[in-house]
Amino acid sequence: ILHRGHVTYLAQARALGAAMIVALNTDASVKRLGKGDDRPVNPLLHRAAVMASLASVDCVTWFDEDTPFNLIELIQPEILVKGGDYSPNEENPENSAYIVGRDHVLKNGGLVKTIAFVDGFSSTTIIEKIKNS
């Protein structure tokens, strides 16, 4: 479920570079994240179509693995951006704040950034609100 928080993050991420590639988890990958049996709400092709329609997004791709590491190695982004629940300074891959692909991007002279959450917006909250209506 795309919400205001998402589009705000995406616009801020896009402002950091010349182009933006968004990598989405496949449906199977989302299920393995353990966010619940009702996730993803929309299938990958629908999520990709919505994402591709946003002005801030130049390209949409996806990955089926548990992390986007292989895709990051393939694309070799100059800037890697994640949400505020991650830390660009976390060096321990076992820490939940670690950004997968961080070391690869830094090794190639790139930047790793995070963007703070927009308070009050959450897919989980939206799903709960719908269920309780």
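Throughout what follows, the structure given in this document is the object of discussion.

### Regarding helix H1 (residues 4-14)
And step 1. Of the positions making up H1, those classed as buried are Gly 5, Tyr 9, Leu 10 and Ala 13. With its buried residues spanning 130° around the axis, H1 presents them on a single face.
And step 2. As for H1, its buried residues are in contact with strand E1 (21-25), helix H3 (44-52), strand E3 (79-83) and strand E4 (111-115).

### A closer look at unusual backbone geometry
And step 1. Following Arg 39, the chain continues to Pro 40 via a peptide bond in cis, the omega torsion being -5°.
And step 2. Tracing the backbone shows Pro 40 in the loop between helix H2 (27-32) and H3.
And step 3. Here Gln 76, not a glycine, exhibits a phi torsion of approximately 55°, which is positive.
And step 4. Secondary-structure assignment places Gln 76 in the loop between helix H4 (69-75) and E3.
And step 5. Look at Gln 76 and you get partly exposed, because its relative accessible area is 47%.

### Here's the deal with the pairing of E4
And step 1. Across 5 bridges, the pairing between E3 and E4 is parallel. Within E4, the residue paired with Leu 80 across the bridge is Val 112.

### Some thoughts on a nonpolar patch on the surface
And step 1. A surface patch of nonpolar side chains, amounting to about 250 Å² of accessible area, comprises Ile 1, Val 41 and Ile 130.
And step 2. When you line up the elements, Ile 1 lands in the segment before H1.
And step 3. A relative accessible area of 34% means that Ile 1 is categorised as partly exposed.

### Digging into the pattern of salt bridges
And step 1. The tally for this structure, following the rule as stated, stands at 5 salt bridges.
And step 2. Ionic pairing is found between Arg 47 and Asp 27, a salt bridge with its closest N-O pair at 2.7 Å. Linking Arg 47 in helix H3 with Asp 27 in helix H2, this pair joins segments that are 20 residues apart in sequence.
And step 3. Asp 27 gets classed as partly exposed once you look at its relative accessible area, which sits at 27%.
And step 4. In this structure, Lys 131 and Asp 38 form a salt bridge, with 3.0 Å as the shortest nitrogen-oxygen distance. Taken together, the residues span a long stretch of sequence, with Lys 131 in helix H6 (residues 123-131) and Asp 38 in the loop between H2 and H3 at a distance of 93 residues.
And step 5. On the basis of relative accessibility, which here comes to 52%, the residue Lys 131 falls in the exposed class.
And step 6. For Asp 38, a relative accessible area of 32% corresponds to the partly exposed category.

What counts and what doesn't
Residues numbered from 1 in each chain as written. Predicted model: local features only at pLDDT ≥ 70, side-chain atom pairs only at ≥ 80, totals over all residues. Heavy atoms only, no water. Buried < 20%, exposed > 50% of the residue type's maximum accessible area, 1.4 Å probe, protein only. Helix = DSSP H or I, 4+ residues; strand = E, 2+ residues; numbered from the N terminus. Arc of directions from axis to C-beta. Contact = heavy atoms within 4.5 Å. Pairing = 2+ DSSP bridges. Patch = residues over 30% accessible without salt bridge, like charges linked within 9 Å, V, L, I, M, F, W, Y side chains within 5 Å. Areas by Shrake-Rupley, 256 points an atom, 1.4 Å probe, with all protein chains shown as cover. Salt bridge = Lys/Arg side-chain N within 4 Å of Asp/Glu carboxyl O.

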